[in-house]
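Spelled out from the first residue to the last, the chains are:
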Amino acid sequence: AAGAIVLYHALTAGYALGLGLVGFLLVGGRRRARGGGPRQIAVFHCGFTYSGGGERIVIEEVLGLRRRGFKVECYAPTVDASRCYPDLIGEVRVRTFLPQLPRWFPYREAIQMAAASLLMPLYAWRLRGIDAIVACNQPGAWIAWWAARLIDVPYVVYLNQPNRLVYPRSIDRQTGWVANADYRLLAGIVMRATRFVAWADRRSVQEADQLLVNGDYIGDIIRGIYKRDADDCPAGCHVAASGFPLSLESRFAGGLTINGKPIRRPYVLLTNRHYPQKRFDLAIRAMQEIRMSHPKVQLVIPGPATSHTSTLEELTAELNLDDAVVFLGVITEGELNRLYEGAAVYVYPAPEEDFGMGVIESMAKGVPVVAWNQAGPTVTVGPGTGHLAEPLEVGDYAVGITTLLGDPIANQAMGERAFEWARHFDWERHLDTLQRVVLEVARSHEQVSTEAATA
């Protein structure tokens, strides 16, 4: 059996190497200018393995550019459609760079990311005919850098944040990557090849035809690290023409049931991945003080469980808040929207978040926000749209929530301002910037190719 496995992998490797060599010979060198502007765009992302903000941005970019008439293909090293926006990912039709390992394979995601990063010259032929690449984060930028050299295609890099394996936040150093074994493996690899990874990361970002960043807070950090200009292109939300916030009765009376769990209004909503860096524990501790004046209010937390969820549940039991904190588990996109619409307050306890899409998604439903007065929320929470508490002061955090719960009329007025403020982050604005930049780099590259062909 062992010999058969070795033989199988040897044949697979030989096939990949041979096909890669043929592909390299076919696509290598400068392309002929085709004229007529860009027709085909490839969007790269690191992987679709959970429902995160970075994944949502890529999904909206792919679907949005297609609506605008572009032919767009989306590529990633690894995909798990059951865990990453299952209601939306099917529309994207993500392609993987290389064949996928079986789901039972240990460290599947980490291995596939590493393989896609290292073996790009072998599958570059698959990208023939691409007019421009949008590379979202790493290793997308590194793969696009290779493509620019092998098949002469321009690329735009979009960064939500600096590469956190090379430039970890202080919160990452405190908590580590305990919720994801694959990230622990990748972090271990990076620590043993820090110089090369840092060089590859910096070079692939610095040599991009254009750099886009997720808003001016993280944008200033990225510009400082990579020492180059970048255009702000913050993440977005879908803002209706009108209708939000919902009536006071729909947000402060009655209730609803999701996954068999009853939820009483008014409730406080927290949406994010169950990771230690998100600091759900701070919001849970704030509930102790909130329940003193609002004994029936609940903190509602949807989302699939991680290895960190049990720690949060243990904290909830320790503080005697079992009735106050509701873990819903996996929910649909429609159920998530219902939760946003009916919430009285949205809370965002992550202290070092670069942006925080949940903040603008809740404001797009007319719901005021409580977050910390640092990092991403200093940009996303506009004047009079919520409460920015002193960083890590749970008492001030609880006061902000309690005040919004205690005065429904003022809450409604703040929700109206939040709804209008959310228009600053409408997805169409994001797509306007992305489309403009893609057209600029594609046309500039086409002009250079034309001049070279006629020289």
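Higher on the page you've got the structure.
Residues numbered from 1 in each chain as written. Predicted model: local features only at pLDDT ≥ 70, side-chain atom pairs only at ≥ 80, totals over all residues. Heavy atoms only, no water.

Undergrad: Even after reading the chapter, I still don't get the overall build of the chain, so can you show me in this structure?
TA: Helix and strand content of the chain: 19 helices and 15 strands. Here the chain has a C-alpha radius of gyration of 23 Å; the compact-globule value for 455 residues is 23 Å, and the two agree. Taken along the three principal axes of its C-alpha coordinates, the chain extends 75 × 55 × 35 Å. By residue count, 55% of the 455 residues in the chain fall in the buried class. Long-range pairs, those at least 24 residues apart, make up 72% of the contacts in the chain with a sequence separation of at least 6. Surface summary for the chain: the accessible area is close to 19500 Å², and the carbon and sulfur share equals 57%. When the 46 basic and 47 acidic side-chain charges of the chain are each reduced to a single mean position, those positions are 7 Å apart. (Helix = DSSP H or I, 4+ residues; strand = E, 2+ residues; numbered from the N terminus. Rg over C-alpha atoms; globule rule 2.2 N^0.38 Å. Buried < 20%, exposed > 50% of the residue type's maximum accessible area, 1.4 Å probe, protein only. Contact = heavy atoms within 4.5 Å. Areas by Shrake-Rupley, 256 points an atom, 1.4 Å probe, with all protein chains shown as cover. Lys, Arg positive; Asp, Glu negative; His and termini not counted. Charge placed at Lys NZ, Arg CZ, Asp CG, Glu CD.)

Undergrad: Explain the sheet that holds strand β12 (residues 325-329) to me, please; I cannot follow it from the model alone.
TA: Two orientations exist for strands paired in a sheet by backbone hydrogen bonds: parallel and antiparallel. If you trace the 6 strands from one edge of the open sheet to the other, you get β12-β11-β10-β13-β14-β15, paired in parallel fashion. The two strands at the open ends of the sheet, each matched to only one other strand, are β12 and β15 (386-389). For this sheet, the mean angle separating the axes of adjacent strands, direction not counted, is 25°. Both strand β10 (residues 267-269) and strand β13 (residues 345-348) contribute to a ladder of 2 bridges, which runs parallel. For V268, the partnering residue across the bridge sits in β13 and is V345. (Pairing = 2+ DSSP bridges. Axes fitted to C-alpha atoms, helices over the stretch in contact; angles between N-to-C directions.)

Undergrad: Is there a simple way to think about the packing of aromatic side chains in this case?
TA: Any two aromatic rings considered together are summarised by their centre-to-centre distance and by the angle between their planes. A complete count under the given rule lists 20 aromatic pairs for this structure. Between W142 and W146 the ring centres are 6.1 Å apart and the planes differ by 85°, which places this aromatic pair in the edge-to-face class. Highlighted residues: W142 and W146, both in helix α6 (residues 140-150), separated by 4 residues, approximately one helical turn. Summarising the aromatic geometry, the rings of Y340 and Y346 are spaced 5.9 Å apart at their centres and angled 40° between planes, so their arrangement reads as tilted. You'll find Y340 and Y346 in the same group, each marked buried. Within the aromatic cluster, the residues linked to one another by ring pairs are W142, W145, W146, F196 and W199. Here the guanidinium or amino end of R273 rests over the ring plane of Y275, the centre of that ring lying 5.0 Å away. (Phe/Tyr/Trp six-rings, centres within 6.5 Å; stacked < 30°, edge-to-face > 60°. Lys NZ or Arg CZ within 6 Å of the ring centre and 35° of its normal.)

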